[in-house]
There are 2 protein chains.
Amino acid sequence: MIDLENGVLLNQVEEMVGRKRWSDLRDLLVLMEPADIALVLEALSREQLPLLYRLLPKELAAEAFVEMESEEQELLIQSFSDTELKEVLEELYVDDTVDLIEEMPATVVKRILQHADPDTRRSVNEILKYPEDSAGSIMTTEFVDLKQDMTVEAAIKRIRRTGVDKETINICYVTSPGRHLLGLVSIRTLLLAAEDDVIGDIMETNIISVSTMDDREDAVQALSRYDFLAMPVVDDEQRLVGIVTIDDAIDVINEETTEDFEHIAGMTHTDKPYLRAGVWETVKSRIPWLLLLMLSATFTGMVLSVFEDALAACSVLTVFIPMLMDTGGNSGNQSSVALIRSLSLDEVHFSDLLSVLWKEIRVAVTCGAILAVCNFAKLMLVDRLLLHNTDITIMVAAVICLTLVFTVFCAKVVGCLMPMISDKLGLDPAVVAGPFLTTIVDVLSLLIYFQFARLILRV
Amino acid sequence: MIDLENGVLLNQVEEMVGRKRWSDLRDLLVLMEPADIALVLEALSREQLPLLYRLLPKELAAEAFVEMESEEQELLIQSFSDTELKEVLEELYVDDTVDLIEEMPATVVKRILQHADPDTRRSVNEILKYPEDSAGSIMTTEFVDLKQDMTVEAAIKRIRRTGVDKETINICYVTSPGRHLLGLVSIRTLLLAAEDDVIGDIMETNIISVSTMDDREDAVQALSRYDFLAMPVVDDEQRLVGIVTIDDAIDVINEETTEDFEHIAGMTHTDKPYLRAGVWETVKSRIPWLLLLMLSATFTGMVLSVFEDALAACSVLTVFIPMLMDTGGNSGNQSSVALIRSLSLDEVHFSDLLSVLWKEIRVAVTCGAILAVCNFAKLMLVDRLLLHNTDITIMVAAVICLTLVFTVFCAKVVGCLMPMISDKLGLDPAVVAGPFLTTIVDVLSLLIYFQFARLILRV
C-alpha cells in the first residue's frame, strides 16, 4: 500500500516536478490507485495540479478526478478545454457526475450539463430530483438489465456488449417490458448455469428493494444487513430506476457515522475532512452548540443560586458537586450513546421502548448501588479516617451516596428515553440526545442533591 | 423489505406454529432473506427453534444459521445429529466456520472440528492462528486462483468448475506456482475479453494487498478507500493466503464504529446487540469507567476545597462553576471526537500534529472570544440590568469571561493532543481521550477560574 504519511512520496513527486521529469512522473503515477493519485495531486500547488493531471491516461485521470475534493475538481474543470471536459464526463459514471454537480457552483454546473451527452444529462437530471438524503439521490442508473425470456448465452452476450459502461455487472436485474423489477441474477449464477438455461428459470425472485424516496441510511443498512453487492431502487410504481452499489454504500455508512459522532459531540456536520475544513468553517460548525449549551447551563447556575444558603451553611457539600454532576453525565451518556448506536444499526425500535426502559432501570439501580457503596467506603475510610476530614459525617456521606443512586437512576432513564423518543418523532437521536443530556442531568443531580441535603441534614 | 418492527409477522409465525401449519410456515420462510429468517427464529422459544429450522431447505438453513446469534447457534448444534451437523458445515464458508468456532464453548468446538472435512479443518486452524484483530483473522481462504498462462476460456472454465465453493468470483487472483500473488482480474474483465486472450496479458498487476498480521481495521479502511470488492491477504513471504470480502469488511466497519462509540462514552465493548446483552453484562461494561471517573472527580473536589475560602468570600462565583466546567467539557469533546473520527478514517496522522494543533488553537481562540463576548453581554444586560443581580459586577463578569477564553483554549488543545498522542503510542484514542477528558478539563477550568478570581477580585 502507498504510504503517504511519511511524506517521502510527496517529496519525490515535487522533486520530479521541479526537474520537469514528466515521463518518470507519469510512470510513477500510473502504478498508483486513483484514490492515492488524488491525494498526491491535491498536495500540489494550484499551478502544478492541471499540469500533472494531464500526464495521466484518460481513464485513470477520470478515476482520480472522482476521488478528489471539490476544490480541486473545480480548479481542474476551469482549466479544461471543452473537449477535455467532454472526455472526462464520458468516463464518469452517472452517480459520480451527480456528486460532482452537487458540489460545483452554478456556472460550472451549466458548463458540465452543456458538455454531457444527452443520455447522461437526462439521467443526471432524474437523480438530482430526489431529496438530498434519499436512496434515489445516491443511486446510479447504469445497471445491467436482462429480460426473462433470454437464454444465459444471450444474457452473457448482452453483458459483453453493454457491460463496459455499467457500474457493476456482478448483479444483473431482470425487468418486464414495463420496466418492473421481476428478479435478479448474479454473474456467478449466469456463469455456473448451462448456456441454454432461460433467465426466467434461474433468476432469484424474492427481491428486496428500496424506494427512491426511502432514507439513504435505511437503504445502505439493508444492503449491509443482507450482504448484497447492490440494492435495487424502484419508483412509486415499482419500476426499477437505479441501483445503489456497495462501494457507494460504504461511503454513506462512513459519512453517516461521522455525522453521528459530530452530533453527539455537539457539532454540525461539515462535508470536508478535518484538515481541509478552514478555521472559520470549523468554528461555524462548533459555536452554535457551545453557545446554546453555555446558555442552557444558566439553569444549572440558577439551581445552585437558589440553594446558595444551604451551601453556605454546609460548605463541604460544594466539594462533591462536580463528582455528582460528572457521574450523572457519564451514566446518562452511556445509555444514550448505546441507544443512539443501536437505533442507527436498526437493532432497536420504538416498539422495544418498555424492554429498553426495564433494562436500563435494572442496570441503573445496580450501577448506582455499586457506586454508592464504593463512595461511602471511600468517604468514611479515606476522607474521614485517613485524612481526618471531620466535616464528612455519616449523614453527609449518606446524602452524597443517596444522591448518587438517584442521579444515576434519572440519568440512565432520561439517557435511554431521549434517543428513543426523538427517533420516533423523526428527529436525529444523536442531535437531541447527545449535547443536551449533560445539561438536563446536571440540573437533575443538583435538585436531587439539595433535596436530600434538606431532608437529612436539615440545611 | 420485511418489517419485523410491528410484530405482525412474528405473531403470524407463532400462530402457524401453534396450529402446526408446517408447510405454510415453510412457504413463508423460504421467501425471506437469511438475515430475516434468523431474526424470526431467534424470537421463538428454545423448543420451537430446532423444529422450525428443520423446515428450511439445506442451503437456506445454513445461510440463516450464519446470521444467528451464538446462543441460538449453540442450541441448534446441540440439537443436531452428527449427519445434520456435517451437512450444515459443508454449506458454510470457511470464515463463517471460524466465526462460529470463536463463539462456541470447547465441547462444541471439538464436535465441529470432528465433523468438518479435512480441508476445512486445515483452513480453519490456519485462520485461527492469527491474532483476534488481525487481517488474517477475518479473511477467507476460498478465493478463485488463476494461472497467468491460462487463456480467458480456460479461466472461465475453471471458475465454472470451482466457483460454486468460492466466497466470491467477482475478483479472481493470479498466482505463481509458488503461490505468490502476481495480479488480479475481475470477472468483468474476463467477460469483456476475447476467449483466447491470455490471463497474464489482461490482468491488473498494480496490486494492493494487506499482510495477515496487519490490523483488521487498516485492511477494511483500505478496502473502502480503494472501492475494492475484496482485499488480498498475503503472508510474510508475499504468498496469497486469503481474501477479505466486502460484506465481511462492512461488518468489521460497523463493529469498530460501535466500539468507538462505546469507548467515547466510557463503556467496554460487548459483542452482543443492545437488547441481547443481559443486565449484569451491561453493568460490567459500564461500571469500571463510572467508578474510575467518580474517583478521578475527587481531584476536582480537592481543587474546589482548596478554594473554599475564596468561594465563601464571593459566593456568586459558585453559580458559574457548572457553566464553566460544561463549556470546557463540550469544547474539549468537540476537538477530541473530531480527531478520534479522523484518525480512524485515516484522514489525519501523527505527522499532522503541528497543523492540527495550529488549527485547534485558532478555532479555540475564535470560539472562546465569541463565547466570552456573548456571556459578558448576557451577564451585564440580563443578570445585572434586567434581573438586578448586583453581585455580578463588571469585575466578576471579567473573571468569568476570561476564564471562558482560557478554558476553551486549554480544553481544545488537550482535546486534540490526547487522541493524537494516544494513537501514536498505539493506544485506542477513543478509550484514552473520551472519558478522561472531562475530568482533566474540569480541573483545568477550576484552576483557571480561581486564578483569575484571585488576580482580579483579590479573593
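Residues numbered from 1 in each chain as written. Chains lettered and ligands numbered in written order. Predicted model: local features only at pLDDT ≥ 70, side-chain atom pairs only at ≥ 80, totals over all residues. Heavy atoms only, no water.

A word on the side chain of T120 of chain A
Residues and elements named next belong to chain A. Summarising the element assignment, T120 is placed in helix α10 (residues 118-128). Residue T120 is classed as buried on the basis of its relative accessible area, which comes to 14%. Engagement of the side chain of T120 in a polar contact is seen with the side chain of D117, the distance being 2.9 Å. (Helix = DSSP H or I, 4+ residues; strand = E, 2+ residues; numbered from the N terminus. Buried < 20%, exposed > 50% of the residue type's maximum accessible area, 1.4 Å probe, protein only. Polar contact = N/O pair within 3.5 Å; in protein donor to acceptor, adjacent residues only side chain to side chain.)

Things to note about helix α9 (residues 106-115) of chain A
Within the span of α9 of chain A, buried status applies to V108, V109, R111, I112, L113 and H115 of chain A. Turning to α9 of chain A, the residues buried within the fold contact α6 (70-79), α7 (82-91), α8 (94-103) and α10 of chain A. (Contact = heavy atoms within 4.5 Å.)

What about the sheet that holds strand β3 (residues 181-186) of chain B?
Residue and element names in this part refer to chain B. An order of β1-β2-β3 is seen for the 3 strands of this open sheet, with the pairing classed as mixed. Strand pairing shows two members of the sheet lacking a second neighbour, β1 (145-146) and β3, which therefore form its edges. As paired strands, strand β2 (residues 171-175) and β3 are joined by 5 bridges and run antiparallel to one another. What sits directly across from C172, in β3, is V185. (Pairing = 2+ DSSP bridges.)

Concerning the environment of E126 of chain A
Residue and element names in this part refer to chain A. Tracing the backbone through its elements, the reader meets E126 in helix α10. The spacing of E126 and T141 is 15 residues in sequence and 9.3 Å in space, taken between C-alpha atoms. At a separation of 3.3 Å, a polar atom in the side chain of E126 contacts the side chain of Y130.

Regarding a nonpolar patch on the surface
Residues and elements named next belong to chain A. Together, L381, V382, L385, L386 and L387 make up an exposed nonpolar region whose accessible area comes to about 520 Å². Within the element layout of this structure, L387 appears in the loop between α21 (353-386) and α22 (394-424). The exposure class of L387 is exposed, given its relative accessible area of 58%. (Patch = residues over 30% accessible without salt bridge, like charges linked within 9 Å, V, L, I, M, F, W, Y side chains within 5 Å. Areas by Shrake-Rupley, 256 points an atom, 1.4 Å probe, with all protein chains shown as cover. Salt bridge = Lys/Arg side-chain N within 4 Å of Asp/Glu carboxyl O.)

Some thoughts on the confidence of the model for chain A
Here chain A averages 89 in pLDDT, while 98% of its residues score no lower than 70. What the predictor reports for the complex is a pTM of 0.85 with an ipTM of 0.84. (pLDDT = per-residue confidence, 0-100.)

Structural notes on the relation of the copies chain A and chain B
Expressed as a screw transformation, the operator carrying chain A onto chain B has a rotation angle of 180 degrees and an axial translation of 0.0 Å, and the superposed copies differ by an RMSD of 0.1 Å. Accordingly, the operation relating the two chain copies is best matched by a two-fold axis. Here 100% of the contact residues of chain A are again contact residues in chain B; the copies associate through an equivalent surface. (Least-squares fit on C-alpha atoms with pLDDT ≥ 70 in both.)

Describing the packing of helix α20 (residues 321-344) of chain A against helix α17 (residues 279-306) of chain B
Between α20 of chain A and α17 of chain B, the least distance of the axes is 8 Å, while the angle of their chain directions is 150 degrees. Comparing the axis directions of α20 of chain A and α17 of chain B gives the class roughly antiparallel. Our pair here, α20 of chain A against α17 of chain B, has a crossing hand that is right-handed. Counted together, P322, M323, D326, T327, N330, S331, Q334, S335 and A338 of chain A of α20 of chain A and R286, W289, L290, L293, M294, A297, T300 and L304 of chain B of α17 of chain B form the full contact between these two elements. In terms of residue class, the contact of α20 of chain A with α17 of chain B is made up of 9 nonpolar, 6 polar and 2 charged. (Axes fitted to C-alpha atoms, helices over the stretch in contact; angles between N-to-C directions. Parallel < 35°, antiparallel > 145°, perpendicular 65-115°, else oblique. Left-handed = near helix turned anticlockwise from the far one by under 90°. Nonpolar A, V, L, I, M, F, W, Y, C, P; charged D, E, K, R; others polar.)

Some remarks on the interface of chain A and chain B
Facing the 119 residues of chain A at the interface are 119 residues of chain B. Roughly 10,500 Å² of surface becomes buried between chain A and chain B when both sides are summed, with 66% attributable to carbon and sulfur atoms. Applying the counting criterion to the chain A and chain B interface returns 4 salt bridges. The partner of R225 of chain B in a salt bridge is D36 of chain A, and the shortest N-O contact between them spans 2.1 Å. If you look at where chain A meets chain B, you find 34 residue pairs in polar contact (both at pLDDT 80 or more). At 18 residues, the largest contribution of residues to the side of chain A that touches chain B is made by helix α17 (residues 279-306) of chain A. Grouping the constituent residues of the side of chain A that touches chain B by class yields 63 nonpolar, 32 polar and 24 charged. (Buried area = accessible area lost by both parts, 1.4 Å probe.)

Here we look at the pairing of β3 of chain B
It is a general feature of regular strands that their side chains alternate between the two faces of the sheet. Burial analysis of β3 of chain B places 5 of its 6 residues in the buried class, which makes it a mostly covered element. Linking β2 of chain B to β3 of chain B, which pair antiparallel, is a turn of 5 residues; within it R179 of chain B sits at a positive phi near 65 degrees.

Considerations on the packing of helix α15 (residues 216-225) of chain B against helix α16 (residues 246-264) of chain B
Residue and element names in this part refer to chain B. In contact at an axis separation of 9 Å, α15 and α16 are set at 120 degrees when each is read in the N-to-C sense. Viewed along their axes, α15 and α16 adopt a mutual orientation that is oblique. Like other packed secondary-structure pairs, α15 and α16 cross with a definite hand, here left-handed. Facing α15, whose interface residues are R216, E217, V220, L223 and S224, α16 presents I246, A249, V252, I253, E255, E256 and E259. By residue class, the composition of the contact of α15 with α16 is 6 nonpolar, 1 polar and 5 charged.

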